[in-house]
Amino acid sequence: MALCLLTWSFGAQVPEDMGPYPVGVRSVSFQHPLSSATTVTADIYYPALSAGNNAPPDQGGGPYPFTSFLHGYFAPPSFYSGLIRHMASHGFVVAAVSTQTGFFQSIIAEAHDAHALMHWCDDRNQAGGHFLEGMLLPGPWSAVGHSNGVAAIFELLAWEPRVKTVAATEGNWFSLPTVGQFQGSFLSVGSSEDSLAPYGSNARRYYNEASNARRRVWALIEGGGHNGSLDFSTAFNSLPHATQNRLHRRLITGFLRAELSGEEDLYYHLVGEGISAEPVAREGDCMRPVLWTRPAAFPPNGQRLGVMGRPMDALSLFYVEGGSSMWSPVGTTGGGGRLLHQSILPGTGVGAHIWVPPVGLDSVRFVGACSTAGAPARRTRRVRVDLP
């Protein structure tokens with residue numbers, strides 16, 4: 001896989017903060033040949049020119065990444081409005097199906113209705129005069145699910161190849177072959193005090209079974225319960241509900257931005273030292289390694305580099321001056337490149353290193369190679385850093 005060159009940028013905002021876009025919401029209903037329900041109902045959240053119901057969409061800022069939200073048992077999209085609005089404020093169009101919200105939920109029916117909603121939105125993206133006209137990027141798509149909604153996502157993956165990124169929170173485990181077959185990027189969030197779907201046999205099992213994902217990330221919210229992603233508390237847990245909800249916003253929105261918008265530096269806030277003060281245990285297993293950069297707090301001119309690969313990967317980090325040529329096909333340096341750091345990644349798959357630039361450098365490019373040096377699929381992206 002070819003490496004891409006990205007320009008480094010740094011801001012104080014973390015993914016749990018509201019994004020820059022006002023959010024509009026529209027409720028829709030339609031018939032579609034892919035649906036289970038005779039009439040599919042849904043709420044669509046989108047970047048808008050002003051906030052509110054039926055607000056005019058911000059078509060000038062689009063097109064935007066498209067994601068679907070699949071709810072849990074007896075939980076309409078309105079129960080998750082804070083989380084869904086948050087995602088939309090960061091520049092996503094989020095379509096949340098609102099069928100199958102009663103006592104007798106059919107997971108397969110929710111999957112069919114969500115699949116129909118995806119294609120209905122895709123069709124309206126090309127329809128002149130519709131509020132979704134020109135709003136959606138053509139793909140890849142993503143899906144976010146809670147509890148039974150996670151199982152519904154893996155049901156629809158059997159029919160929809162454009163979904164390449166999945167974020168699952170407190171997933172209720174159903175044995176589906178698509179979990180092990182999924183080759184995209186996968187986040188599974190569990191909570192240690194989840195009494196409805198205990199994380200060890202549910203959310204963690206989704207993570208364990210998704211062994212073919214190009215990237216998979218595990219996050220365990222210590223003291224959280226099953227419904228931390230909802231707008232309101234439904235149980236007494238050690239961790240306040242407001243904190244649980246904030247961490248869900250951080251993990252899910254940050255993951256979507258990192259994977260769909262190429263903002264890999266956000267992994268610092270998801271698995272790196274940026275989340276070390278939070279009650280979140282995390283690990284990763286990435287066939288396609290992640291590389292992020294941050295200015296180090298000390299020394300003041302240092303750079304903190306983070307990598308997420310596979311547990312026990314042999315990591316090598318290289319750099320060259322910004323104007324020099326890059327890496328040879330065998331994974332070593334060319335054109336004056338230098339070996340910066342070598343180590344074995346820990347069992348969490350995540351490692352960090354502080355680098356102090358030599359005097360006189362004004363920009364560099366970094367790349368990391370994990371385990372099978374020379375295999376392009378095991379190298380990180382290239383990152384350009386302009387030095388102070």
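Just so it is clear, the structure is predicted and the values come from calculations on it, not from any experiment.

Calculation criteria
- By convention here, each chain's residues receive numbers from 1 onward along its written sequence.
- pLDDT decides what is reported in this predicted model: residues at 70 or higher carry local features, side-chain atom pairs at 80 or more are listed and counted, and totals for whole chains, interfaces and linings draw on all residues regardless.
- As a rule here, side-chain values come from all non-hydrogen atoms in the structure, and water together with hydrogens is ignored.
- Only DSSP runs of H or I covering at least 4 residues are called helices, and only runs of E covering at least 2 are called strands; the numbering of each starts at the N terminus.
- Multiplying one less than the number of residues by 1.5 Å gives the expected span of a helix.
- Each residue is assigned to one of three classes by its accessible area relative to the maximum for its type, calculated with a 1.4 Å probe on protein chains only: buried under 20%, partly exposed between the two thresholds, exposed over 50%.
- A fitted line through C-alpha atoms serves as each axis, taken over the contacting stretch for helices, and the angle formed by two N-to-C directions is quoted from 0 to 180°.
- By the definition used in this description, the sense in which the near helix is turned from the far one sets the handedness, with an anticlockwise turn below a right angle giving left-handed and a clockwise turn giving right-handed.
- What makes two residues a contact is simply this: any of their non-hydrogen atoms within 4.5 Å.
- When residue character is reported, Ala, Val, Leu, Ile, Met, Phe, Trp, Tyr, Cys and Pro are called nonpolar, Asp, Glu, Lys and Arg charged, and the others, Gly included, polar.
- By nonpolar core is meant a set of buried Ala, Val, Leu, Ile, Met, Phe, Trp, Tyr and Cys residues that side-chain atoms within 4.5 Å join together.
- Here, strands pair whenever DSSP counts at least two bridges between them.

### Focus on helix α6 (residues 241-260)
Part 1: The end-to-end C-alpha distance of α6, which contains 20 residues, comes to 28 Å, matching closely the 28 Å that a straight helix rising 1.5 Å per residue would cover.
Part 2: Burial analysis of α6 places 18 of its 20 residues in the buried class, the great majority of the element.

### Notes on the packing of helix α2 (residues 107-124) against helix α3 (residues 148-156)
When two helices pack together, you describe them by how their axes are tilted relative to each other and by the distance separating the axes.
Part 1: As a packed pair, α2 and α3 sit with axes 8 Å apart at the nearest point and diverge in direction by 60°. With respect to the hand of their crossing, α2 and α3 are arranged in right-handed fashion. Counting all contacts with α2, which are made through Ile107, Ile108, Glu110, Ala111, Ala114, His115 and Met118, the residues of α3 involved are Asn148, Gly149, Ala151, Ala152, Glu155 and Leu156.
Part 2: For the contact of α2 with α3, a count of residues per class yields eight nonpolar, three polar and two charged.

### So, the nonpolar core
Buried together is how nonpolar side chains tend to be arranged in soluble globular proteins.
Part 1: Core analysis: the largest hydrophobic core is formed by 46 residues, its most contacted members being Ile44, Val93, Cys121, Phe154 and Phe186.
Part 2: For this core, the elements supplying multiple residues, two or more each, are β2 (23-30), β3 (40-47), β5 (66-70), β6 (93-97), α2, β7 (141-146), α3 and β8 (163-169).
Part 3: Apart from residues no more than four positions distant in its own chain, Cys121 is found in contact with Ile44, Phe66, Ala95, Leu132 and Leu136.
Part 4: In this structure, Phe255, Tyr268, Cys286 and Trp292 belong to the second largest nonpolar core, which totals 40 residues.

### What about the sheet that holds strand β16 (residues 350-355)?
Part 1: Ordered by their spatial adjacency, three strands build an open sheet running β12-β13-β16, and the pairing between neighbours is antiparallel. Bordering the open sheet on either side are β12 (290-295) and β16, each of which pairs with just one other strand. Pairs of neighbouring strands in the sheet enclose a mean axial angle of 20°, with direction left out of account.
Part 2: Where β12 and strand β13 (residues 303-308) come together, six bridges link them in antiparallel fashion. For Val290, the partnering residue across the bridge sits in β13 and is Met308.

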